[in-house]
Amino acid sequence: MRKVIRVLAVVLVLFCAVPARAVVPSGEVYGGVGAAWDHNQKEAVHTSTLTGFRIVLEDDVDSLGKLHFSTKGWYDWKQKDGKIAVDQLWLKGYYGDFDYQVGRQLISWGTADGFNPTNYFARLSSSALLSGDLSGDPLWAGKAEYYAPAWSATAVVIPVFQPQEIDAFMAQMLNDGGPYGAMILQAIEDAKKPLGIAKSELALRAETQLAGFDVQASYFWGYEPLPGLEMVLGPTGPSFEGTYRRQHFLGLAVAGTIGPAGVWAEAAYGGPEKFAQSDNPYEMRIPMSINERYLQVVLGGDYTLPVGSGLLVQAQYIYRGQGSLLAPYVMPKETMEPGDIEGAHYLYGRLAYDFSQDSTADLVAVYGNKEKGGILRPSYTHRFTNGIQLELSVIHPFGQGDFESITTQARLAVKYQF
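Residues numbered from 1 in each chain as written. Predicted model: local features only at pLDDT ≥ 70, side-chain atom pairs only at ≥ 80, totals over all residues. Heavy atoms only, no water.

**Q** I'd like a rundown of the overall build of the protein chain, residues and numbers included.
**A** Secondary structure summary: the protein chain contains four helices and 21 strands in total. Looking at the protein chain as a whole, 41% of its 418 residues qualify as buried. When contacts within the protein chain are restricted to residue pairs at least 6 apart in sequence, long-range pairs at least 24 apart make up 58% of them. Carbon together with sulfur atoms contributes 60% to the accessible area of the protein chain, which is approximately 22400 Å² in total. (Helix = DSSP H or I, 4+ residues; strand = E, 2+ residues; numbered from the N terminus. Buried < 20%, exposed > 50% of the residue type's maximum accessible area, 1.4 Å probe, protein only. Contact = heavy atoms within 4.5 Å. Areas by Shrake-Rupley, 256 points an atom, 1.4 Å probe, with all protein chains shown as cover.)

Next comes the structure, spelled out in structure tokens:
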């Protein structure tokens, strides 16, 4: 924490020390309360009292480009937990037909809404999927884009690997999934992270227009965001080992319009390197992670119905050839023999309606065929003229499978943007 605060102080001093600059900060402060009901409770349980902030400083630097800095932090007074960190810190400029951006930045590829097979940089936690915040986390990276008259190309290099964080919800799912939850979490924590320039990640993308559609072809050479896990059965009993494996993906994304409707499609094929074979005849290793190449597909569209001010209707079909959206690992009780992990199908729907410029209602629904269940997330947002925004949202699970671990939750949040 002290190291982070020192970094923030140095960056703020650098911004303020630039002569003749009148950098005006922007950002937001927010607060909220949360409550939850499990399947056996009739009364709500207070789960969180959250406060937080995000501050952004941005300025044009002569002959270099645009310099951006943002920091964010939060503290939960109920859970006695919090965090402050650098959000983004990047320099963006151009030279001829090239644009460049270096530093800690948010990289988002793909065309789909939230679930993007070709967005190889996403670090979406289970909590993000439930809250609706699908923007992901920034990464330390260098990005270069070349623009030709009829096409463009982008290259991204990530020299510092950033794993996905295990949030409280995912930790709870692992603990509730079997008797080995604590051991699995420890194996994830103990997995050796890839470090050094030789462990960098690389992504390439080419983009053009065909028949009025935006077409993107991409390639990714990097690492799993969470380590691949194996259950090791030996003379001393079961144990778990985690390994960050190289993975390769080829992707294709298409987006455009058909009449008044917007449509998009994405597909990515690839996967991690297989686990190494054991040379120990006295142990058996059972993969708990994807161990084969697999296909991911998203097909979607949206249309605004002429109802009142306009009712936005959006639908997506999501296919994962192996694994699921919520559970990163298959529990040992479900796969006591080596073999492929089953695939999963999902339906994602969204309705949005603006009662006025300041008043919006939204409903998101996700259903998983493999899980035989899903979640509903209705929300209502009201925006006041002085930059204050009020949001009430509810998360309600239904059905079986992984969604049974989700409790019904309600959250009231107030945000002030400046």
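What follows continues from the structure just given.
**Q** Could you give me a rundown of helix H4 (residues 181-190), with the residues and numbers involved?
**A** For H4, the full list of buried residues reads Gly181, Ile184, Ala187 and Ile188. Looking down the long axis of H4, one finds its buried residues gathered within 125° of arc, a one-sided arrangement. Seen from the buried face of H4, the exposed residues on the opposite side, beyond 90 degrees, are Ala182, Glu189 and Asp190. (Arc of directions from axis to C-beta.)

**Q** Could you give me a rundown of the pattern of salt bridges, with the residues and numbers involved?
**A** Tallied over the entire structure, the rule returns twelve salt bridges. Lys415 is paired through a salt bridge with Glu28; the nearest N and O atoms lie 3.9 Å apart. Separated by 387 residues along the polypeptide, Lys415 in strand E21 (residues 408-417) and Glu28 in strand E1 (residues 26-37) bring together distant segments of the chain. Arg285 is paired through a salt bridge with Glu230; the nearest N and O atoms lie 3.0 Å apart. Within this pair, whereas Arg285 is found in strand E14 (residues 284-287), its partner Glu230 is found in strand E10 (residues 228-234), the two being separated by 55 residues in sequence. Assessed through its relative accessible area of 21%, Arg285 is described here as partly exposed. For Glu230, a relative accessible area of 7% puts it in the buried group. A single salt-bridge network, built from bridges that share partners, covers Glu230, Glu241, Glu283 and Arg285. (Salt bridge = Lys/Arg side-chain N within 4 Å of Asp/Glu carboxyl O.)

**Q** Break down the packing of aromatic side chains for me, with residues and values.
**A** Using the criterion set out here, one finds 17 aromatic pairs in the structure. Each ring, one from Trp109 and one from Tyr120, has its centre 6.4 Å from the other, and the planes form 75°; the classification is edge-to-face. Placement of Trp109 in the loop between strand E5 (98-105) and helix H2 (126-131) and of Tyr120 in the loop between E5 and H2 is noted, with a sequence separation of eleven residues between them. Accessibility expressed as a relative area gives 3% for Trp109, which makes it buried. The cationic tip of Arg246 hangs over the ring face of Trp221; the distance from NZ or CZ to the ring centre is 3.7 Å. (Phe/Tyr/Trp six-rings, centres within 6.5 Å; stacked < 30°, edge-to-face > 60°. Lys NZ or Arg CZ within 6 Å of the ring centre and 35° of its normal.)

**Q** Tell me about the environment of Glu201, residues and numbers included.
**A** Residue placement: Glu201 occurs in strand E8 (residues 201-210). Each C-alpha atom, one on Glu201 and one on Val160, is 8.2 Å from the other, the two residues being 41 residues apart in sequence. If sequence neighbours within four positions are ignored, Glu201 has contacts with Arg123, Val156, Val157, Ile158, Phe161, Phe220, Trp221, Gly222, Tyr223 and Arg246.

**Q** Which residues make up the sheet that holds E14, and what values do they have?
**A** Here we have three strands laid out as an open sheet, ordered E11-E10-E14, and antiparallel in their pairing. Among the strands making up the open sheet, the edge pair consists of strand E11 (237-243) and E14. Taken over all neighbouring pairs, the strand axes of this sheet differ in orientation by 25° on average, direction set aside. Sheet analysis places E10 next to E11, joined by seven bridges and oriented antiparallel. Bridging across to E11, Leu229 finds its partner in Gly242. Helix-sheet contacts for H4 involve E10 and E11, and the interaxial angle to E11 is about 35°. (Pairing = 2+ DSSP bridges. Axes fitted to C-alpha atoms, helices over the stretch in contact; angles between N-to-C directions.)

**Q** I'd like to hear about the pairing of strand E9 (residues 213-223), residue by residue, with values.
**A** Examined bridge by bridge, E8 and E9 share nine bridges and lie antiparallel to one another. Within E9, the position partnered with Glu207 by the bridge is Gln216. The turn joining E8 and E9, which pair antiparallel and follow one another in sequence, is formed by two residues; a positive phi near 55° is taken by Ala211. Across ten bridges, E9 lies against strand E12 (residues 246-258) in antiparallel orientation. The partner of Tyr219 across the bridge, within E12, is Leu250.

**Q** Tell me about unusual backbone geometry, and please be specific about residues and values.
**A** Located in the positive-phi region is Lys80, a residue other than glycine, with phi close to 55°. Its location among the elements puts Lys80 in the loop between strand E3 (65-76) and strand E4 (81-95).

**Q** Describe the nonpolar core, listing the residues and the values that go with them.
**A** Membership of the largest hydrophobic core comes to 16 residues, with the highest contact counts inside it found for Ile107, Trp109, Phe121, Val156, Ile158, Ala203 and Phe249. When residues of this core are traced back to their parent elements, those giving at least two are strand E6 (139-147) and strand E7 (151-158). Residue contacts for Ile107: discarding those within four places in its chain leaves Asn119, Phe121, Ala141 and Val156. By size, the runner-up hydrophobic cluster in this structure holds 15 residues, among which are Trp264, Val298, Ile375 and Ile395. (Core = buried A, V, L, I, M, F, W, Y, C linked by side-chain atoms within 4.5 Å.)

**Q** Go over a nonpolar patch on the surface with me, naming the residues and quoting the values.
**A** A contiguous nonpolar patch, built from Val33, Phe384, Leu390, Leu392, Leu412 and Val414 and spanning about 470 Å² of accessible area, is present on the exposed surface. Contributing elements (two or more residues each) for the nonpolar patch: strand E20 (388-399) and E21. Mapped onto the secondary structure, Val33 falls in strand E1. Taking relative accessible area as the criterion, Val33 reaches 41% and is therefore assigned partly exposed. (Patch = residues over 30% accessible without salt bridge, like charges linked within 9 Å, V, L, I, M, F, W, Y side chains within 5 Å.)

**Q** Describe the side chain of Arg205, listing the residues and the values that go with them.
**A** Along the polypeptide, Arg205 turns up in strand E8. For Arg205, a relative accessible area of 13% corresponds to the buried category. When residues no more than four places from it in sequence are discounted, the contact partners of Arg205 are Trp109, Gly110, Glu145, Ser152, Ala153, Thr154, Gln216, Ala217 and Ser218.

**Q** Would you mind going over the pairing of E7 in detail, with residue names and values included?
**A** Across the two faces of E7 the burial differs, with Ser152, Thr154, Val156 and Ile158 buried and Trp151, Ala153, Ala155 and Val157 not buried at all. Here E6 runs beside E7; their pairing, made up of six bridges, is antiparallel. Paired with Tyr146 across the two strands is Ala153, which belongs to E7. Two successive antiparallel strands, E6 and E7, enclose a turn made up of three residues. Note that E7 and E8 share eight bridges and pair antiparallel. In the sheet register, Ala155 faces E8, and the bridge partner there is Leu204.

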